[in-house]
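As a plain string of letters, each chain reads:
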Amino acid sequence: LVTLGRWQLLRAYRRGADDAQAKIWARRFTLGSFAAGVAWSLAAIYLMRMHDAGHQTLSVFILGGLAAGAVATSAAHRPAYFAFMLTMLVPLPVMLALENGTLQWAMAAMALAFIAVLARSVTLIHASLRHSLELGLKNETLAHEARRELSEHVRTTQALHDSEQRLRTILETE
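Here, residues in each chain are numbered from 1, in the same order as that chain's written sequence. Two thresholds apply to this predicted model, a pLDDT of at least 70 for residue-level local features and 80 or more for giving and counting side-chain atom pairs, whereas whole-chain, interface and lining totals are computed over all residues. Only hydrogens and water are set aside when side-chain values are computed; all heavy atoms of the structure are taken into account.

## Side note on the overall build of the chain
Only DSSP runs of H or I reaching four residues or more are called helices, and only runs of E reaching two or more are called strands; each is numbered from the N terminus. In terms of regular secondary structure, the chain is built from six helices and zero strands. Secondary structure elements in the chain, listed N-terminal to C-terminal, are α-α-α-α-α-α. Two things to know: the radius of gyration comes from C-alpha atoms, and the globule rule equals 2.2 Å times the number of residues to the power 0.38. The globule rule puts the C-alpha radius of gyration for 174 residues at 16 Å, and the 29 Å found for the chain is more than 25% above it. Counting only C-alpha atoms, the chain reaches 110 × 35 × 20 Å along its principal axes. Within the chain, contacts between residues at least 6 apart in sequence are counted, and of these 70% link residues at least 24 apart. As displayed, the chain offers around 12100 Å² of accessible surface, 65% of which is attributable to carbon and sulfur atoms. Within the chain, one finds 17 positive and 13 negative side-chain charges whose respective centroids are separated by 15 Å. In this description, contact between two residues means that some pair of their heavy atoms is separated by no more than 4.5 Å. Method for areas: the Shrake-Rupley scheme with a 1.4 Å probe, in which residue coverage is limited to the protein chains shown. Two residue types count as positive, namely Lys and Arg, and two as negative, namely Asp and Glu; His and chain ends fall outside the count. Here the site of a charge means atom NZ of a Lys, CZ of an Arg, CG of an Asp or CD of a Glu.

## Considering the layout of surface pockets
Here a cavity is any set of points on a 1 Å grid over the protein atoms alone where a 1.4 Å probe fits but cannot get out, and a pocket is any open set with protein on both sides within 12 Å along at least 5 of 7 lines; a residue lines the site when it has an atom within 4 Å of a point. Grid points are joined across faces, edges and corners, and a volume is the space filled by probe spheres set on the points. As a volume, the second largest pocket reaches approximately 200 Å³. Around the second largest pocket, the lining residues are Phe-29, Thr-73, Ser-74, Ala-76 and His-77. All residues other than Ala, Val, Leu, Ile, Met, Phe, Trp, Tyr, Cys, Pro, Asp, Glu, Lys and Arg, Gly among them, are scored as polar; the first ten of these are nonpolar and the last four charged. Across the lining of the second largest pocket, the residue classes tally to two nonpolar, three polar and no charged.

## Re the environment of Ala-116
Residue placement: Ala-116 occurs in helix H6 (residues 102–173). Measuring from C-alpha to C-alpha, the distance between Ala-116 and Arg-27 comes to 24 Å, with 89 residues separating the pair along the chain.

## Things to note about the pattern of salt bridges
A pair is scored as a salt bridge if a Lys or Arg side-chain nitrogen falls within 4 Å of a carboxyl oxygen belonging to Asp or Glu. Tallied over the full model, the rule gives three salt bridges. Here Glu-134 makes a salt bridge to Arg-130, at a shortest N to O gap of 3.3 Å. Remark: Arg-130 and Glu-134 occur in helix H6; sequence separation between them is four residues, near one turn of the helix. On the basis of relative accessibility, which here comes to 42%, the residue Glu-134 falls in the partly exposed class. For the salt bridge of Glu-152 with Arg-148, the shortest nitrogen-to-oxygen distance reads 3.9 Å. Placement of the pair is Glu-152 and Arg-148 together in helix H6, with a separation of four residues, close to one helical turn. Accessible area is worked out with a 1.4 Å probe on protein chains only. A residue is then buried under 20% of its type maximum, exposed over 50%, and partly exposed in between.

## Things to note about the packing of helix H2 (residues 22–48) against helix H3 (residues 53–74)
Helix packing geometry: the angle between the two helix axes and the distance between the axes. Note on geometry: axes are lines fitted to C-alpha atoms, helical ones only across the stretch in contact, with angles between N-to-C directions running from 0 to 180 degrees. Direction vectors running N to C along H2 and H3 enclose 165 degrees, while the axes themselves pass 8 Å from each other. In terms of axis orientation, H2 runs roughly antiparallel to H3. The interaxial crossing formed by H2 with H3 has right-handed handedness. On the side of H2, the interface is formed by Phe-29, Trp-40, Ala-44, Leu-47 and Met-48, while H3 contributes His-55, Gln-56, Leu-58, Ser-59, Ile-62, Leu-63, Leu-66 and Ser-74. Here the contact of H2 with H3 is composed, by residue class, of nine nonpolar, four polar and no charged. Note on angle classes: values under 35 degrees are labelled roughly parallel, values over 145 roughly antiparallel, values of 65 to 115 roughly perpendicular, and the remainder oblique. Rotating anticlockwise by less than a right angle from the far helix to the near helix defines a left-handed crossing, while the corresponding clockwise rotation defines a right-handed one.

Rendered as structure tokens:
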């Protein structure tokens, strides 16, 4: 249901989004990401409550893979990524630690380290995306300015050529 809702949200965005509503759409996207994180977290909690190391490991791998994959798809809007990742992953180390086994404590520590690495990764990728967009906009502005300068240069060159022609005509008639 969450995925269907997010898909409908995407369709609505593509049909009628405009720049004036960017913050509203960003909030909606973040809420959709949060809902997806909750849904995956609930699924993992169900598996974790079986108190079986195999199910717990499967939960960690599934959620870790989803969170890692979301870096690429959500880095452009960090609030959406963090709403998804933190909602989904933060319960894992808590539930693992509550199991009070050596393996579970090690998995909890690794899950916390993984959360930190993902947070840093999405921050770096976001900065890179932002810088790339800023450079693209700056490049577009420079290209527009260069086209304007070139057009002005062509007009000036043509005016100079026309002036030289008039001067030659005057000098030839004398």
